[in-house]
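# Chain and residue survey
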Amino acid sequence: MPVPTHSYVHEMLYGELADVVGPENVSTSQSDKIAYSCDYYWIPELWIDRGCRNPEPDFVVHPCSAEEVSRICRIAGNYKIPLTTWGGGSGSQGGALPIQGGIVLDTKKMSRVLEVDKTSLTVTAETGIIMQHLEWALEREGLATMHVPASMTCATLGGFLAHRGTGVLSTKYGKIEDMVMSLEAVLADGTIVNTPAVPRHASGPDLSQLFLGSEGTFGVMTKATLKIHPLPEVRRFHAFVFPDLHAGLEAGRQLMARRLRPCVIRLYDEAETRRLIRRVLGIDKEGAYLVFGFDGDADLVDLEMSKALSICRALPHEDLGTKLGEDWWEHRYDFFFPNHMFHIPQAFGTLDTVATFAHIENVYRAMKQVVEEQFPMARYIGHFSHWYEWGCMLYARFIIDEPPDDPHEAAQLYNRIWDACLRAALREGGLLNEHHGIGLKLGRLMKEQHGPAYAVLEKIKKSLDPGNVMNPGKMGFEMWR
Ligand SMILES: Cc1cc2nc3c(=O)[nH]c(=O)nc-3n(C[C@H](O)[C@H](O)[C@H](O)COP(=O)(O)OP(=O)(O)OC[C@H]3O[C@@H](n4cnc5c(N)ncnc54)[C@H](O)[C@@H]3O)c2cc1C
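Fair warning: this is a prediction, and the values are worked out from it, not measured in the lab. (Residues numbered from 1 in each chain as written. Predicted model: local features only at pLDDT ≥ 70, side-chain atom pairs only at ≥ 80, totals over all residues. Heavy atoms only, no water.)

## Quick look at the pattern of salt bridges
The full count for this structure, using the stated rule, is 23 salt bridges. The shortest N-O distance in the salt bridge between R53 and E56 comes to 2.6 Å. The shortest N-O distance in the salt bridge between K447 and E458 comes to 3.8 Å. Of this pair, K447 sits in helix α16 (residues 446-450) while E458 sits in helix α17 (residues 454-464), placing them 11 residues apart in sequence. Put simply, R164, K175 and E177 are held in one network by salt bridges that share partners. (Salt bridge = Lys/Arg side-chain N within 4 Å of Asp/Glu carboxyl O. Helix = DSSP H or I, 4+ residues; strand = E, 2+ residues; numbered from the N terminus.)

If you want it as structure tokens, here you go:
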């Protein structure tokens, strides 16, 4: 419920927030309200494209420290006014949208690198830092987090922690939750908590993991210590085309089953190979394009590379060599450029899921069947980006080139495709998500994925935030009040 602009309560709230952060760090301007009403979720983008207004915040605040965040949380709690944390606003799930109005807390003024520990190889930074800025600071010292997501120039460390994000080098260096040593968070009642300094202990459950992936619903993460790595001496790539997706998946599975440590494996289905790999890399082949890479000391990389090559060459294949693998690395962001990426007025959804090797191909095929048989106006493509010892992540997409003109009709269709695809994925052993998070978009499906275990999450939410002030309406918690 928005706070009426000319009400006494609005004046009181404004005054209290300005006391904490200074009037220059509280905005009620119309342009800010509009800017903070749309992230990278397709439906708010559609709304704006069709001249509609999205739910807007009443106040946008820019705190500079955990102490200021703590005081803002107390104000929100006293008034029972929603408080939604906003990092870069690059999330695709509507996670940062202030759908019930209230305060948007933008973290980007908390962006300091606090300590680089070159002995233990860790870095401590505030969570509002843009990921690329953290990388630049470390690169100057010959170091890196190795968290290299495609949105690193526009997303914050806190956003990745909140969504359990994944970067392109995750197959070797892990997802962000594997990199965290410890973190600081501010709870709904304003308490500032710090989790233990190292993640390997037997002093009870891992509290850092409680906050990772909680999408601002359990608290605001304000500081994190991450593992870091020396920059590698070399990073080398190689590419193959396999006759079909099934053969490509088998190659990737064998690379992981042999416990090699590639920093990258990316496998494109036949449709993406035909369309995107040809358009972006100029490789005109039928089948499934697979690229992998190793990094580290040159002699170790050579050894791992030769093992990987012999695995792939033992399967039916066409060897594309190193150049067409290195080209992929050089052009990895081109896939997001206008002519290759999808944009309004097209409708598209990234069906980002994960499963074991025993299930992942069925998950891919089940979602493909849903799109092709139930939604003839849509097409389906996919690639497999992040690989584990036990399975991999599927980055599938549905695309509708000409969605309905009526925004309500378009949104209904969009939601129906999501529901049908993700229910098919769940039936086949996939999950709702691997790295984009749940946000507003997928909250309604959380109970279907977690079953009775979802009640555990609900109880944690209730005990940490009894007033449901922290990012209400997200992750399926009390979707509306
Ligand atoms: C072109 C493009 C490419 C992308 N590629 C990738 C990719 O390779 N890998 C990947 O993982 N994602 C990717 N994404 C998705 C997006 O960048 C991530 O979801 C990212 O984690 C969002 O970070 P943000 O700072 O923009 O967060 P926001 O969108 O601002 O917020 C996301 C969620 O995190 C919460 N939040 C933010 N900061 C905090 C905090 N400090 N404490 C508590 N909660 C907080 C918000 O409340 C919200 O629920 C991509 C997006 C785009 C547009």
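Still more ground to cover, so stick around.
## Looking at the site of the ligand
The environment of the ligand is made up of 33 residues, and the closest members are T85, S90, S151, T156 and T166. Interatomic distance of 2.6 Å between a backbone N/O atom of T85 and an oxygen atom of the ligand. Within the backbone of G87, an N or O atom sits 2.8 Å from an oxygen atom of the ligand. Here the ligand has 970 Å² of accessible area as a free molecule, and 94% of this is covered by the chains. Among the secondary structure elements, those contributing two or more residues to the shell around the ligand are β3 (83-86), α6 (157-163) and β10 (220-227). Residue contributions to the shell around the ligand peak at 5 residues, all from α6. In terms of residue class, the shell around the ligand is made up of 11 nonpolar, 21 polar and 1 charged. (Near = heavy atom within 4 Å. Polar contact = N/O pair within 3.5 Å; in protein donor to acceptor, adjacent residues only side chain to side chain. Areas by Shrake-Rupley, 256 points an atom, 1.4 Å probe, with all protein chains shown as cover. Nonpolar A, V, L, I, M, F, W, Y, C, P; charged D, E, K, R; others polar.)

## Some points on the sheet that holds strand β15 (residues 318-321)
Read across the open sheet, the 7 strands follow the order β15-β12-β14-β13-β17-β18-β16; overall the sheet is antiparallel. Bordering the open sheet on either side are β15 and β16 (347-356), each of which pairs with just one other strand. Geometrically, the sheet is characterised by an average inter-axis angle of 20° between neighbouring strands, direction not taken into account. Examined bridge by bridge, strand β13 (residues 264-268) and strand β14 (residues 288-296) share 4 bridges and lie antiparallel to one another. Among the inter-strand pairings, I265 is bridged to a residue of β14, identified as F292. Relative to β13, helix α10 (residues 245-257) is tilted by about 165°, and along the sheet it contacts β12 (234-242), β13, β14, β17 (379-387) and β18 (391-400). (Pairing = 2+ DSSP bridges. Axes fitted to C-alpha atoms, helices over the stretch in contact; angles between N-to-C directions. Contact = heavy atoms within 4.5 Å.)

## Some remarks on the packing of α10 against helix α14 (residues 357-374)
Viewed as axis vectors pointing N to C, α10 and α14 meet at an angle of 155°, and their least axial separation amounts to 11 Å. The angle between α10 and α14 places the two elements in the roughly antiparallel class. Crossing geometry of α10 relative to α14 is assigned as right-handed. Contact residues: L245, H246, L249, R253 and M256 in α10; F357, I360, E361, Y364 and R365 in α14. Residues that form the contact of α10 with α14 fall into these classes: 6 nonpolar, 1 polar and 3 charged. (Parallel < 35°, antiparallel > 145°, perpendicular 65-115°, else oblique. Left-handed = near helix turned anticlockwise from the far one by under 90°.)

## Examining unusual backbone geometry
Cis geometry marks the peptide bond from I344 to P345; its omega dihedral reads 10°. Mapped onto the elements, P345 comes out in the loop between α13 (323-330) and β16. One non-glycine residue, M146, lies in the positive phi region at around 70°. Within the secondary structure, M146 sits in the loop between β7 (143-144) and α6. Although it is not a glycine, N468 adopts a positive phi angle of roughly 50°. Judged by relative accessible area, which is 4%, N468 ranks as buried. (Buried < 20%, exposed > 50% of the residue type's maximum accessible area, 1.4 Å probe, protein only.)

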